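# Inside the fold
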Amino acid sequence: MKKSPVSMTINGQPVEELVEPRTLLIHFLREQLNLTGAHIGCETSHCGACTIDLDGKSVKSCTIFTLQAEGAHIRTIEGMAAADGTLHALQEAFREKHGLQCGYCTPGMILRAWRLLQENPDPTDAEIRFGIAGNLCRCTGYQNIVAAIKHAAILMAGAQQKEAAE
Amino acid sequence: MNARVIASGVHQSAIHDSAARHVQGSALYIDDMKEPEGLLHGWVILSDRAHARILMLDLSSVEAAEGVVCVMTARDIPGLNDAGPIMKGEVLLADQIVEHEGQAIAIIAARSFAQARDAAKLVRVTYEDLPAYLTIEAALQAERFVVAPLHMQRGDAARAIAEAPHCLSGETSAGGQDHFYLETQIAVATPQENGEMHIFSSTQHPTEVQHIAARLLARPYAAITVEVRRMGGAFGGKESHASLIAGMAALLAARCGEPVKLRLSRDVDMLLTGKRHDTLARFSVGFDDAGRILGLDMMIALRAGHVADLSGPVLTRALCHVDNVYWLPNVKVSGYACKTNTVSNTAFRGFGGPQGMFAIEAVIVRIAERLGLSSEAVRQINHYGPGQDTTPYGQSIGENNTPRLLEELKTAADIARRRGEIAQFNASHPYIKKALVTYAVKFGISFNLPSLNQAGALLHVYTDGSVHLNHGGTEMGQGLYVKVAQIVASCFQIEREHVHISSTRTDKIPNTSATAASSGSDINGMAAKAAADIIKSRMAAIAAAKFGGAADDVVFSGGYVYLGNRSISFPDLAQLCWAERVSLSATGYYRTPDIHFDQASMTGSPFYYFSYGACATEAAIDILTGENRILRVDIIHDTGASLNPAVDIGQIEGGFVQGQGWMTMEELVWDQAGRLRTHAPSTYKIPTSRDVPPIFNTHLLADAPNAKPTIFRSKAIGEPPFTLAISCFLAIQEAVAAAAGWPAALTLCAPATPEAILRALGGGKEGSAFCEQKAAKKLF
């Protein structure tokens, strides 16, 4: 099949590639760019294992063509930690608060939680539960995931205050 | 002597060993691994008939499709076309006859995943339909069973029922459940030289994958190596059915001489692989004025699907859990594994136990309804107690933690006050009804079949003091790897960061059992400790020789090894052992003691011990829509001296929510032609973050070390908390009773979906006022 050029920014890096028009974004990320943190769970937008952040929205990358992401700014789990390897507050909180078991949903869950906290930096439990309802976890019962996101919100608020003070 | 102890050993809430990588997306699942050169992608062609003869199978267009490298049917299998884990003759690829919709009839390898998937659509099949048995009822009537019926008996149930002051008969049913592990089934098979094969398989049972791949390929077991680092969830679904996927990948790889990856799409996964057995139970029970069960005669029928697979052992465990926490003096339970033209059901967390435990609760609530007692009173009076503490299969229950759990729960869940509030609420609210139930569970720990209760481990200590750990258990997210690493760290008294966890491989630990039956840490932990003890005794001898003293007096503590007032660091002692030419590598082996079971008479002591738990669950229903919510759950669970409290609490919460899904929302729907209509998350709903109870308190039973000498006196945790979620159904049923009376509530079956609740509110017919109104308007 004829390939078309596509360009976008992923985790702050410009990306220019050739893809088949039918290539879904999840396959482009995983197979062409070797960014395998986003996982394939259902291929129908229901489970959220493939969630990434695209131009300020949480997007399930299994149901968008790569070409639709032309010019987009994308963030994946591989772009969450700082360049020196320091974990993002959300990553630290999911680790510390046991917000995972098998871990398959974790990258998508963290990306979704990140966007949620951008939109609502101090969510209630109910708002977190509402905000992540598009991401399935079969292992944890969500308790520790909600706790991790709450904890991350506190860490992030603290970091912001510190920044402002400086 | 320095009394330092390590900070990262057993009984600590250690973080999951892969957590730091999971949060960065760098913990690799099989589909994340770098693909080898020339990797081919597999796909499975499925039957779209429930029971039919294949008159013509035309694969020529598939073979000719772009990118296709090979297509295989049953006739192309070099060895035996047999993927049966226990019974023989359970075919991997259908040969002339298909026995369920979704059965594999051919497999494809192509250059790309898309090419394999596209080519599969070009198959042409002509079928001649055969009579299909789709339901438990149909199979029962035709007496179609995959294994011989089982009968468990104590005393004279028939006589006790006849002579009892009261008796009644009843029926209940519970639906099946898809595992919905987030990572679908996957394997990568890579041919090696000399006809050998390496298989990465997302499996709970590497040894079985090895055996079945060897059987399909007509190779000795030793020629097949199976490896798994982690699974993206399993829950029993990757116990026997992982070998189907791995077997297909191995066949394609052997035929093509290239590595082959077979990753199932979600739809194919749900069609091709089995689920929890749905259940039908019928019973007669005799009881006294207080609600005491005097005699129980029960029939439990499971939908086994098209082959036996694990249905025999699942049925055995169902029968062994009908008693739950209740004393049944005269009891007869008969079990039937019904052969149906639906996908073979298989292991799923609880393995029949939840089905048996669900059935007895139908007996309890019917007794309560008949006598006008509370169901709680009937539960209470039937609990095991002194002198009444032997199970129907003849095992003494040993320590009984139920009374303590229920007593502590009263305070923890503030039950008396909330009951009052709920009564007031129900009296005043026009269409929301609530209920609160307390519920206790007991779960038998060990594989029912004694020979499966064995495990092995392999430990190497290197001369820098680092340790390589390997054992036969697999990691599916449950935290087994970190628990066993904590055990090894505690044994050597070195911090856990020095213990390096490695993937489970059949060439390191042979002849293993599945990581199943909640037994993972019990048996693999003991095997790892046995290996550590062997190495420690060798190291102690060297330390004793160096310091001059007895090896028995050598103490490992806080990274050092002590004898009297002299000490040496653990790494230095390892180096010294090497210099003295002493082996620092050992295998450890464990077999669970004191267990026996006679399958013919269904008697014995199959369980090394029992795990206990109790919960208080509050539910609400909307009688206009049938919608339900679980509002609050308080759990106290018995984990013995927990190896890792954080991991155990995670297992309890996750297990409960999975059970909540089974009891309240997950519904498998087959149409009249036997086609599964719910084979994707669009139609099959598992709990989301909005479905779980907003108030969810979990406590571990304090100061309750296992009375049996298990690994550091801990108890198993994988399955028991799942069964606590039966309380979700019971609470919803009581809420239905509060709205429409008990006779209506007794018609409720699981799962208690909004539709089922509306039906029950109408007395079991589509007859609630609301339903009639909707029907009149032809809204559905």
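Residues numbered from 1 in each chain as written. Chains lettered and ligands numbered in written order. Predicted model: local features only at pLDDT ≥ 70, side-chain atom pairs only at ≥ 80, totals over all residues.

A separate point is unusual backbone geometry. Of all residues except glycine, most have a negative phi; of all peptide bonds, most are trans. Of note, the bond from A750(B) into P751(B) is cis; its omega dihedral lies within 30 degrees of zero at 0°. Here P751(B) is to be found in the loop between helix 20 (742–745) and helix 21 (754–761). For H98(A), which is not glycine, the phi torsion reads 55° and is therefore positive. Locating H98(A) in the fold gives a position in the loop between helix 2 (89–96) and helix 3 (106–119). The class of H98(A) is buried, set by 25 C-beta atoms lying within 10 Å. Despite not being glycine, Y142(A) has its phi angle at roughly 70°, a positive value. (Helix = DSSP H or I, 4+ residues; strand = E, 2+ residues; numbered from the N terminus. Buried ≥ 20, exposed ≤ 12 C-beta atoms within 10 Å, placed from the backbone.)

Residue and element names in this part refer to chain B. Once the domains are mapped, chain B shows domain 1 (19–26 + 454–591), domain 2 (35–131 + 179–272) and domain 3 (393–445 + 608–780). Taking only C-alpha atoms into account, the centre of domain 1 sits 40 Å from that of domain 3. Among the elements of the structure, helix 14 (480–492) and helix 15 (520–547) are those that each provide at least two residues to the side of domain 1 that touches domain 3. If one sorts the elements of the side of domain 1 that touches domain 3 by residue count, helix 15 sits on top with six residues. (Domains from an automatic or database assignment.)

All names here are of chain B. Along the chain, G353 turns up in helix 10 (residues 353–371). Taking C-alpha positions, G353 is 4.5 Å from A318, a pair spaced 35 residues apart along the chain. Once residues lying within four places of it in the same chain are set aside, the contact partners of G353 are R317, A318, H321, F443, E719 and T723. (Contact = placed C-beta atoms within 7 Å.)

For helix 14 of chain B, which comprises 13 residues, the first-to-last C-alpha distance of 19 Å matches the rise-based estimate of 18 Å (1.5 Å per residue) to within 8%. For helix 14 of chain B, the buried fraction is high: 13 of the 13 residues fall into the buried class. (Expected span 1.5 Å × (residues − 1).)

Now for the nonpolar core. If you look at the biggest cluster of nonpolar residues, it comprises 314 residues, and the most contacted ones within it are I108(B), I199(B), A249(B), A250(B), V488(B) and V736(B). With residues up to four places along the chain from it excluded, the contact list for A250(B) reads A189(B), M197(B), I199(B), A213(B), L216(B) and L217(B). (Core = buried A, V, L, I, M, F, W, Y, C linked by C-beta atoms within 7 Å.)

We now examine the confidence of the model for chain B. As a general rule, the predicted coordinates of low-pLDDT regions are not to be interpreted in detail. Residues and elements named next belong to chain B. In this model, chain B carries an average pLDDT of 96, and 98% of its residues clear a pLDDT of 70 or more. Contacts of residues 767–780 to residues separated by more than four positions or lying in other chains number 13 contacts, the stretch itself having pLDDT below 50. Reported confidences for the modelled complex are a pTM of 0.97 and an ipTM of 0.98. (pLDDT = per-residue confidence, 0-100.)

All names here are of chain B. Contact pair helix 17 (residues 645–664) / helix 19 (residues 726–740): the axes reach a minimum separation of 7 Å and the direction vectors enclose 45°. Here helix 17 lies oblique to helix 19, going by the angle between them. Packed against helix 17, whose contacting residues are G659, Q660, M663 and T664, the element helix 19 presents I726, C728, F729 and I732 at the interface. Looking at the contact of helix 17 with helix 19 residue by residue, the class counts come to five nonpolar, three polar and no charged. (Axes fitted to C-alpha atoms, helices over the stretch in contact; angles between N-to-C directions. Parallel < 35°, antiparallel > 145°, perpendicular 65-115°, else oblique. Nonpolar A, V, L, I, M, F, W, Y, C, P; charged D, E, K, R; others polar.)

Let's shift gears to the domain arrangement of chain A. All names here are of chain A. Taken domain by domain, chain A consists of domain 1 (4–79) and domain 2 (89–165). Contacts between the two partners involve 14 residues from domain 1, matched on the other side by twelve residues from domain 2. Contributions of two or more residues to the side of domain 1 that touches domain 2 are made by strand 3 (51–54) and strand 4 (57–60). Taken together, the residues that form the side of domain 1 that touches domain 2 break down as six nonpolar, five polar and three charged.

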